[in-house]
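Geometric and topological summary
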Amino acid sequence: MKFNRLVSGCLVGLLCLSACSTQTTEMKEYTGYVNPFIGTGGHGHTHPGAMLPHGMIQPGPDTRIDGWDSCSGYYYEDSTINGFAHTRLSGTGCADFGDFLLMPTVGEQKVEYLGKESQQRPFASAFSHRNEYAEPGYYSVFLDTYGVKAELTATERAAMHRYTFPESKESGFILDMDYNIQQQTNQVMEVEAVNDTVLCGYKRSAYWAWQQDLYFYAVFSKPFTHTLYTDTIEEGGQQIPVCKMLLRFDTAEDEQVMVRFSISSVDGEGARQNLLAELPDWDFDKVRADARKTWNDCLSKIEVKTEDPDQLAIFYTAMYHAFLSPNLFTDVDGRYLGMDLKVHTTDKEDPVYTTFSIWDTFRALHPLLTIIDPHTNESYIRSLLKKQREGGVFPKWDCAANYTGTMIGYHAASIITDAYVKGYRDFDVREAYQACLRTAEYDTTGIVGPKWLVPFVMPRARYYKDALGYIPCDLENESVAKALEYAYDDWCISVLADSLGDVETRDKYARFAGAYKSYFDPETRFMRGRDSKGKWRTPFNPRSSTHRSDDYCEGTAWQWTWFVPHDVPGLVGLMGGEEAFVGKLDSLFTVSSELEGETVSADISGLIGQYAHGNEPSHHIIHLYNYVNRPWRTQELVDSVLYSQYRNAPDGLSGNEDCGQMSAWYILNAMGFYQVCPGEPVYSIGRPLFEEVIIHLPGQKDFVIRTKNNSKENKYVQSILLNGKPLEQPFFTHSDLTAGGVMEISMGAEPFKP
């Protein structure tokens, strides 16, 4: 594609202004744009609690116990609150945590067991969204049943609660130790009153994280009397342990009672030290203000200009969601729980993180971080290297130092390679390279934890060693999806090998990277499963889905056929050339959105035809038009997704937020570009949403994207200038961006087809 219509006028003054600019000295207020309730309805699974960027602790309201939409513990359609737990996942498709639920009470403290089918605790309170408020780092709600106003804020490792009680001789708290999300198994529960203002405790539970140890330390501003309530309930042939601490005290009208509450995965002393270091006093308003400032510093990394308040809310809420995880996992003294489930110590300035949803986040979140926060991204890589050192292999989905074995691929290779090729190498590159090779051919020897929970054998390696050359669908579940992701990860390894001068390994993994061709059926022109005899699986239906039990992973042949980000020209060739490729790609967005199968994956959502924006395998597809000289199709489809799949509302996400991936896609595309292939430092230009975007880069530089004639109707790019020079193709490089400067994009109402 060539842009022949150049913008007239002199840009000398504009470029000089950009070159001389520095970070603004007067910080703007961005937190007011954030709506933490976006994604708390529908199936976004986000949470409005008082969380800090990458915080260890996530205090907030819990409204339901079980079901898919309980993943974060909160669902917007609910009308009762069980209490305020301190740990959770936000925006995931799986649940865990919900530890140490604290609930203020007035009157009788009800503790009877309501059964596993109940979404409520007996002490739950009614509430109204009219009396609920959230901002980054702060949450409040009025509990109608008790007449208590609840407020929460947080530091990285500790939460501060403030409750305004009515006058009563029967005020108090219930600390529910056995509460958790989705009926986890509580193996150990211990709680102790150190004195009449301090509680401490320990809990071991088993669920997604199969051995989850957590300690707490809590200080109350008002003395209490206490009763430890324990019981064992038999239900469905199971013995269910019950453990709750009941606290009582008198309160005057509008008396405020506060709680400082900290956690640690190391030990009780770690929890106590975390509290003393981060919450030494009772200044709730200062903690809230500090949290707001911390969030503002994060959100200010990108400045967008628009007159549309909904666009501001969606964009800065996306930024907010993008900074929630991975989560800090190191105590203030540098200690943390390793993947071998032993205590280790790291440099306090180089913390360890957990909650790595890498299958999702390698696609857009980590590429976004290489732009706005590359040093934190390097810290994540160092964390992953520690984890493979302790456990023997990179985790696919690390949760609380547990190998969950969740999802497919070994995308640490992608994160490492993308950082490396962009020049961010503050980690042991040789160790990272060897760890990628180890993970690619892992044999489970010495694995930590139950082997049935950790399916880390790479079927690509196993079957290729047997000279079969592909993964047979009759011997391996999700064979097509796994093979396509392994091919991409293998390409990443080949790039690293080439950079490090390992020619033999480069060539070997480059061959593996081309293995995607084995799954392409030229007759149907879909990626299909082949059995161990080389025959295509039959019957074949490209819209069929059997969740996690077919040839694909959370998708169908329609979505997975396009996952060859490292070799788009090769995929175009398989399809029969550019015209045939475009015809097939067009059909993806125009065929019926109907899905078939007895257990259709709920993750296949946000459908435009069979393009599924609500789940990650589709996220790069729209930009493939740029590779076949149809940039106007990329522009109009990006426009469609930006306006139809994201809204300023509780159901404003078309699928699980997935630890920042859904939001990172929006951030990048709303700015006007996307990286199709992490590991190749090239950005594909789409449809910029804003009048102006200023990316504040490390090193006091800015990259500015300005659009002319931009409106909802003018969604087509007419011309692009990069630092005053016409851009002939709809692509630019990472080095173009990090050098700073100005990209000027002129828009129009009709596609520009030179």
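Residues numbered from 1 in each chain as written. Predicted model: local features only at pLDDT ≥ 70, side-chain atom pairs only at ≥ 80, totals over all residues. Heavy atoms only, no water.

Looking now at the overall build of the protein chain. Within the protein chain one finds 18 helices and 36 strands. On C-alpha atoms alone, the protein chain measures out to a radius of gyration of 26 Å, which is about the 27 Å that the 2.2 N^0.38 rule sets for 754 residues. Overall size of the protein chain, expressed as C-alpha extent along the three principal axes, is 80 × 65 × 50 Å. Among the 754 residues that make up the protein chain, the fraction classed as buried is 65%. (Helix = DSSP H or I, 4+ residues; strand = E, 2+ residues; numbered from the N terminus. Rg over C-alpha atoms; globule rule 2.2 N^0.38 Å. Buried < 20%, exposed > 50% of the residue type's maximum accessible area, 1.4 Å probe, protein only.)

Moving on, we come to helix α15 (residues 578-590). Compared with the 18 Å implied by 1.5 Å per residue over 13 residues, the 19 Å span of α15 between its first and last C-alpha is a close match. By the burial criterion, the buried members of α15 are Phe581, Val582, Lys584, Leu585, Ser587, Leu588 and Phe589. (Expected span 1.5 Å × (residues − 1).)

Our focus in this paragraph is the environment of glycine 606. Mapped onto the secondary structure, glycine 606 falls in the loop between α15 and β27 (607-608). On the accessibility criterion, glycine 606 (16% relative accessible area) is buried. Beyond its immediate chain neighbours, meaning those up to four positions away, glycine 606 contacts Tyr611, Ala612, His613, Gly614, Gln645 and Ser654. (Contact = heavy atoms within 4.5 Å.)

Here three strands make up an open sheet; going across it, the order is β29-β30-β35 and the pairing antiparallel. Whereas interior strands pair on both sides, the edge strands pair on one side only; in this sheet they are β29 (673-674) and β35 (731-733). Examined bridge by bridge, strand β30 (residues 682-685) and β35 share three bridges and lie antiparallel to one another. Looking at the pairing, valine 682 lines up with threonine 733 of β35. (Pairing = 2+ DSSP bridges.)

Our next topic: the confidence of the model for the protein chain. For the protein chain, per-residue confidence averages 93 on the pLDDT scale, and 94% of positions sit at 70 or higher. Overall, residues 1-25 carries pLDDT values under 50, and its contacts beyond four positions in sequence, including any with other chains, amount to 53 contacts. Under a pLDDT of 50 for its full length, residues 444-455 has, in the predicted model, 24 contacts with residues more than four places off or in other chains. (pLDDT = per-residue confidence, 0-100.)

The next point concerns the sheet that holds strand β17 (residues 302-305). What the six strands build is an open sheet, ordered β17-β31-β32-β36-β33-β34; its pairing is mixed. Looking at strand neighbours, the two that pair on one side only are β17 and β34 (725-726), the edges of this open sheet. Here strand β33 (residues 716-722) pairs with β34 via two bridges, running antiparallel. Of the residues in β34, the one forming a bridge with leucine 722 is lysine 725.

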